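Architecture and fold: a report
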Amino acid sequence: MEYTRRCGKYRVEREVLDEERLEELTQRKPHSDSCPPLSERLKGSLRCTIPKLKHTLLSSFPVLYWLPKYSVWDYGMPDLISGISVGIMHLPQGMAYALLASLPPVFGLYTSLYPAFIYIFFGTSRHISIGTFTVLSIMVGSVTERLAPDVHFPNTNGTNLTAEVDITARDSYRVQVATATTVLSGLIQVVLGLVKFGFVGTYLSEPLVRAYTTAAAAHAVVAQLKYIFGVSPTRVSGPLSLVYTLKDVCSLLPHTHLPTLVVSAVSMVFLIAAKQLNSFLSPKLPVPVPVELITIVAGTLISSFTSLNGNYSVSVVGEIPSGLRSPSVPDVSLFGEVIGDAFALAVVGYAISISLGKTFALKHGYKVDSNQELVVLGLSNTVGGFFHCYAVCPSMSRSLIQETTGGKTQMAGVASAVVVLVTILKLGPLFQELPKAILAAIVFVNLKGMFKQYNDITTLWRSSKIDLVVWLVTWVSTMLFNLDLGLAASITFALLTVIFRTQMPTYSVLGNVPGTELYVDMETHKEAREIPGVTVFRSSATIYFANAELFLEALKEKSGLDISKMIIYKRRQEAKQKRRERRAERRAKRRAKRELRRAQKAAKHLSAAPVFSVEEEAGHWRDTHMDNNVTNVEEQDWTKRENGTVFVIPTTPRTPDGQCRWEYLKGGGDPDCTSLGWMSELQDGDTTTLGSSSDDTLSRDLERVSLGSLGKWTWDIHSIIIDLSTANFVDTVAIKTIKNIFQDFSEIDVDIYLACCQASVVEQLELGDFFSDMITKRHLFASVHDAVLYCLNNRGSTSFPKYEPALVSLSYVFAITTVYTDQLDRK
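Read on for an overview of the structure.

Cut-offs applied
Residues numbered from 1 in each chain as written. Predicted model: local features only at pLDDT ≥ 70, side-chain atom pairs only at ≥ 80, totals over all residues. Heavy atoms only, no water. 1 Å grid on protein atoms, 1.4 Å probe; cavity = no way out; pocket = protein on both sides within 12 Å on 5 of 7 lines; lining within 4 Å. Points joined across faces, edges and corners; volume = space filled by probe spheres on them. Helix = DSSP H or I, 4+ residues; strand = E, 2+ residues; numbered from the N terminus. Nonpolar A, V, L, I, M, F, W, Y, C, P; charged D, E, K, R; others polar. Contact = heavy atoms within 4.5 Å. Buried < 20%, exposed > 50% of the residue type's maximum accessible area, 1.4 Å probe, protein only. Phe/Tyr/Trp six-rings, centres within 6.5 Å; stacked < 30°, edge-to-face > 60°. Lys NZ or Arg CZ within 6 Å of the ring centre and 35° of its normal. Core = buried A, V, L, I, M, F, W, Y, C linked by side-chain atoms within 4.5 Å. Pairing = 2+ DSSP bridges. Axes fitted to C-alpha atoms, helices over the stretch in contact; angles between N-to-C directions.

Here we take up empty space enclosed by the protein. Throughout the structure, instances matching the rule amount to six cavities of 30 Å³ or more. Considered as a void within the structure, the largest cavity measures approximately 420 Å³ in volume. Around the largest cavity, the lining comprises 24 residues; the ones closest to its centre are E145, H219, A223, V236 and T245. For the lining of the largest cavity, the secondary-structure elements that each account for two or more residues are α6 (72-100), α8 (134-147), α10 (206-229) and α11 (241-251). The greatest single-element share of the lining of the largest cavity, amounting to six residues, is contributed by α10. Here the lining of the largest cavity is composed, by residue class, of 10 nonpolar, 11 polar and three charged. Here the second largest cavity is characterised by a volume of approximately 100 Å³. Around the second largest cavity, the lining is made up of 13 residues, and of these I128, S129, I130, Q402 and G413 lie nearest the centre. Looking at the lining of the second largest cavity, the elements with two or more residues in it are α7 (106-122) and α18 (411-427). Sort the elements by how many residues they give to the lining of the second largest cavity and α7 lands first, with three residues.

Below is the structure:
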């Protein structure tokens, strides 16, 4: 069907497409064809073919994809240089971050070794360096200190049982706690990866992750203060532990160990100066200078020659066993106590890993599999836990070094792991005299980048207030609570902001851009033009159970129609009409009886003698006009009671038979909201026909009463189009709400149409029994423009006259005057 329709300044010559016509043209498949049964899908997933087996092997073992293509000539030397550089960074960071986990430094070296080997075979990123990380080390430390505090391990061989601690027994048990937590965290990650739950990381937005790492950096700083100042604060765990620890450290500042403080200060000054110089010379240097390694070597040599531990009581690393430990099974009985911490470690570690992996993949043009990254991170934690490692994830600093020094593939991780292995086997005992204050200083300086994230506050203030609130809530909750509770509170609040934004979307009425088929918000676009008689309504969010009621209220507000009030009024008018019909029927019966008596009396006169009597004719005239006089009296009484809501005006002179034409004036109590029409109405809707008493005229006049007299006079809408382009799903509550909209608006003679429904939404409407004989797919249109053209073609000729307030006031005075004069004439 081709037709032409003019709308404003543009001309359209095409067929208007509703959903039924669109399905005919596109031949859309039935839902049963597009979605096969569950048995067929299971059979297809279990069917094994050669291409499917190959794809599964390559996705599960990515090393089989890139290793056969590895070119030693092109990638060998860059990977070797990059791996040695990263391996050198592993040494100081591994030992320093082990202190954050409240473990002996050698376990940080173990953590830098085994997971790196595992990632080579299963990882999909070519540039991230997996191993120890500040945030995860702090999280593991909170668990170990909570389950293995110093007070649980008194030294029975000492003289002062309350002050001495059995360090060997304490560290041994803390290692068991750390490995059990790590293994459980890895198992959680593997399971989530196998069930394709990699998208869980998307719930951790960038503001949330940055605020969380910033607060974790504050926890790391407070945890290192005891090594910086050489004090021994009371260990506190649980909510507000950071506040209590900081308070205790401040109270112990008068007892600061000055030699330890001097070592810390000198180390930090040297590290900051060397890093600044390194950054300044980086464009001219092929490989960054290993500042941390130089600091550790120099500090170890100075401590050994000056005997800082023996002469000045400076705390040192202590015994570092050479060689590797045999694997052991973690204590499964601890799983119940650390399951919450393990889940937090799994989520945070994966979020950091996938964010770094995707950053480098986007920069270098390759793809990172989110589910496979979750699996390989879980395998690294699970296998590493058996070899005395604690939770791992990639480090930003090491990953940047691996990328900037020319690393091309995962073979760089092999080189870095070899460096760590050589150190553990041969060089470990050389670092026994290393002061712990130097390791704490390395942690302090490396956290400088995280503290720069406080600049996010000003950036988010300008860009997004909601993201700023998420950042602040995450930071505050992580600072005040443990890292696991802080993460849970942060994710919960972030999800609440999403729910809040879907519950409070932006509702708008769309107008047409002249000369186009575009429809935009009329409040934000000056050139948008309203379609006469048509309201195009759109919500910025999908409709579901949480905002369905708000959607309905917004539709009423934007359209200017109070549906519930109008329906109540209509039903009341229908009841009043029935009462009027019964009264009219009774009046008709009385009138028929009077006519019958007159006819009988006239028959007697005619049968006796046909004599003309003026007195009888005058009496007859009085009887026939008595009803009209009663009507005028009722009208006057109603006018007084209703404050002029309805008035009648004679517009034609009275004919000899007493008939005339009357106008009605309606307007509520507001003179600015009025309309003229043809009928007369009395108190409480009682209608008396002025000049005509037929029931047809009464019904016809009643239909002309506009329900808009109850409220704002905008009753010029005949069609409402709901734009569902933003809806990606609808639930049963939304379907019921839309059906109610169709039913309610149809009662006041307003047509409802849907536009821009996605195919999935149409299927959900079908499954929800939305369509019926009253609501068909002809109420769905492919675009808003198609729906507008259809409305204008069907009901575009409807017009609703409006009048100025001044004319209404004059009509009011004229109506009262005319009614009063007419009554005097009748008397």
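Our focus in this paragraph is the side chain of K436. Within the secondary structure layout, K436 lies in helix α19 (residues 436-446). Residues contacting K436, with those up to four places away along its chain left out, are L99, Y227, S315, V316 and V317.

Moving on to the environment of V231. With respect to the helices, strands and loops of the structure, V231 is situated in the loop between α10 and α11. Assessed through its relative accessible area of 9%, V231 is described here as buried. It is 7.8 Å that separates the C-alpha atoms of V231 and L253, two residues lying 22 residues apart in sequence. Those residues within four positions of V231 in sequence are excluded, and the remaining contacts are K226, L252, H255 and T256.

Our next topic: the packing of aromatic side chains. Here a ring pair, both rings aromatic, is described through the centre-centre distance and the interplanar angle of the planes. A complete count under the given rule lists 19 aromatic pairs for this structure. Judged by centre distance (4.6 Å) and plane angle (25°), the rings of Y114 and F387 are stacked. Residue Y114 is found in helix α7, and its partner F387 is found in the loop between α16 (370-386) and β4 (393-394); the two are separated by 273 residues along the sequence. F387 gets classed as partly exposed once you look at its relative accessible area, which sits at 23%. Taking the centre distance of 6.1 Å and the plane angle of 75° together, the rings of Y454 and W475 count as edge-to-face. A residue pair is termed long-range when its members are at least 10 positions apart, and Y454 in the loop between α20 (448-451) and α21 (456-463) and W475 in helix α22 (residues 465-480) qualify at 21 residues. A relative accessible area of 29% means that Y454 is categorised as partly exposed. Among the aromatic residues, those joined into a cluster by ring pairs are F451, Y454, W471 and W475. Over the face of the ring belonging to W461 we find K465, whose NZ or CZ atom lies 4.7 Å from the ring centre. The aromatic ring of F771 is capped on one face by K777, whose charged end is 5.7 Å from the ring centroid.

Attention now goes to the nonpolar core. In this structure, M95, V135, M139, V348, Y390 and L439 are the most contacted members of the largest nonpolar core, which totals 100 residues. For this core, the element with the most residues is helix α15 (residues 335-364), which contributes 15 residues. Excluding its chain neighbours within four sequence positions, the residues that come into contact with V348 are V135, L136, M139, Y212 and L487. Judged by nonpolar contacts, the second largest core, of 35 residues, contains L561, I717, I720 and I735.

A few words now on the sheet that holds strand β11 (residues 719-723). Overall, mixed pairing links the six strands, which are arranged β6-β5-β7-β11-β12-β13 in an open sheet. The two strands at the open ends of the sheet, each matched to only one other strand, are β6 (519-521) and β13 (780-781). Relative to strand β12 (residues 751-755), β11 runs parallel, the two sharing five bridges. If you follow I721 over to β12, its bridge partner there is Y753. Packed onto the sheet, helix α29 (residues 732-747) meets β11 and β12 and runs at close to 150° relative to β12.

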